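# Geometric and topological summary
Spelled out from the first residue to the last, the chains are:
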Amino acid sequence: GAVVSQHPSRVICKSGTSVKIECRSLDFQATTMFWYRQFPKQSLMLMATSNEGSKATYEQGVEKDKFLINHASLTLSTLTVTSAHPEDSSFYICSAPTSGGDEQYFGPGTRLTVT
Amino acid sequence: RKEVEQDPGPFNVPEGATVAFNCTYSNSASQSFFWYRQDCRKEPKLLMSVYSSGNEDGRFTAQLNRASQYISLLIRDSKLSDSATYLCFPASGYSTLTFGKGTMLLVSP
């Protein structure tokens, strides 16, 4: 199956700092990628849709100025959590569909802890 | 009605048991259907696609009922390694990406 990578896999940062998470499609191109957040024992929640070459679209309730998304190439999308706070601590996952398909291939996730 | 509903479980079954999960969806425009498996603290992984009335892959059988808008997943001869959360994903293009909250399965010796 298609491979999606994420970096870093785990990050601990202090409150007020910014953290950048990368999502890469390794063996296919992805004009669209998706970012999710998952709190412990909760379901996946879609945060935003990342579109190559254009602005991301955010789900209701997700602050676009706090969660900056950049999709600069067909294989890379980045999510920057700005001015992180402890309540932003979560498991952040990206996914990408392969061309012509609806199934999503997920990155391994990034576990963010804000102290 | 929620977009995608699943019984959260947990379903506790002994090894060798047969267990079935259901998932109902409200978007009648859904065209493709998938079951994902998510292990604790890991990303979801595609388990099965369901494109027509249903399909089978080894011990796993997925069925689709478009009229009633539900899909099911049947696991036969459960293994300890089947313990995970199973997520339902009815897809309708990129306009909506809604996963079910998942059904937790615990298989015990």
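Residues numbered from 1 in each chain as written. Chains lettered and ligands numbered in written order. Predicted model: local features only at pLDDT ≥ 70, side-chain atom pairs only at ≥ 80, totals over all residues. Heavy atoms only, no water.

### Here we look at the overall build of chain B
- Looking only at helices and strands, one finds zero helices and ten strands in chain B.
- Secondary structure elements of chain B occur, N-terminal to C-terminal, as β-β-β-β-β-β-β-β-β-β.
- Relative to a compact globule of 109 residues, whose C-alpha radius of gyration would be 13 Å, chain B shows 13 Å and is just as compact.
- With respect to the three principal axes, the spread of C-alpha positions in chain B is 40 × 30 × 25 Å.
- Within chain B, the proportion of its 109 residues that are buried is 44%.
- Expressed as a percentage of contacts within chain B between residues at least 6 apart in sequence, the contacts between residues at least 24 apart total 56%.
- Summed over its atoms, the accessible surface of chain B is roughly 5,400 Å², and 50% of this surface lies on carbon and sulfur atoms.
- Measuring between centres, the 11 positive side-chain charges of chain B sit 4 Å from its 10 negative side-chain charges. (Helix = DSSP H or I, 4+ residues; strand = E, 2+ residues; numbered from the N terminus. Rg over C-alpha atoms; globule rule 2.2 N^0.38 Å. Buried < 20%, exposed > 50% of the residue type's maximum accessible area, 1.4 Å probe, protein only. Contact = heavy atoms within 4.5 Å. Areas by Shrake-Rupley, 256 points an atom, 1.4 Å probe, with all protein chains shown as cover. Lys, Arg positive; Asp, Glu negative; His and termini not counted. Charge placed at Lys NZ, Arg CZ, Asp CG, Glu CD.)

### Structural notes on the overall build of chain A
- Along the backbone of chain A there are zero helices and eleven strands.
- Tracing chain A from N to C terminus, the helices and strands come up as β-β-β-β-β-β-β-β-β-β-β.
- For 115 residues, the compact-globule formula gives about 13 Å, and the C-alpha radius of gyration of chain A, at 13 Å, lands near that figure.
- Along the longest, intermediate and shortest principal axes, the C-alpha atoms of chain A span 40 × 25 × 20 Å.
- A buried classification covers 55% of the 115 residues belonging to chain A.
- Sequence-distant contacts in chain A: of pairs separated by 6 or more residues, those separated by 24 or more amount to 53%.

### Some details on the interface of chain A and chain B
- Taken together, the 21 residues of chain A in the interface contact 19 residues of chain B.
- Carbon and sulfur atoms supply 59% of the area that chain A and chain B bury against each other, a total of about 1,600 Å² over both sides.
- Of all residues in chain A, the largest losses of buried area upon contact with chain B belong to Asp102, Glu103 and Phe106 of chain A, amounting jointly to 31% of the total for that side.
- Inspection of the chain A/chain B interface yields zero salt bridges.
- At the boundary of chain A and chain B, one finds two residue pairs in polar contact (both at pLDDT 80 or more).
- Considering each element in turn, the side of chain A that touches chain B owes the most residues, four residues, to strand β4 (residues 32-38) of chain A.
- Taken together, the residues that form the side of chain A that touches chain B break down as ten nonpolar, seven polar and four charged. (Buried area = accessible area lost by both parts, 1.4 Å probe. Salt bridge = Lys/Arg side-chain N within 4 Å of Asp/Glu carboxyl O. Polar contact = N/O pair within 3.5 Å; in protein donor to acceptor, adjacent residues only side chain to side chain. Nonpolar A, V, L, I, M, F, W, Y, C, P; charged D, E, K, R; others polar.)

So, to be careful, I would describe these as geometric facts and stop short of saying anything about function.
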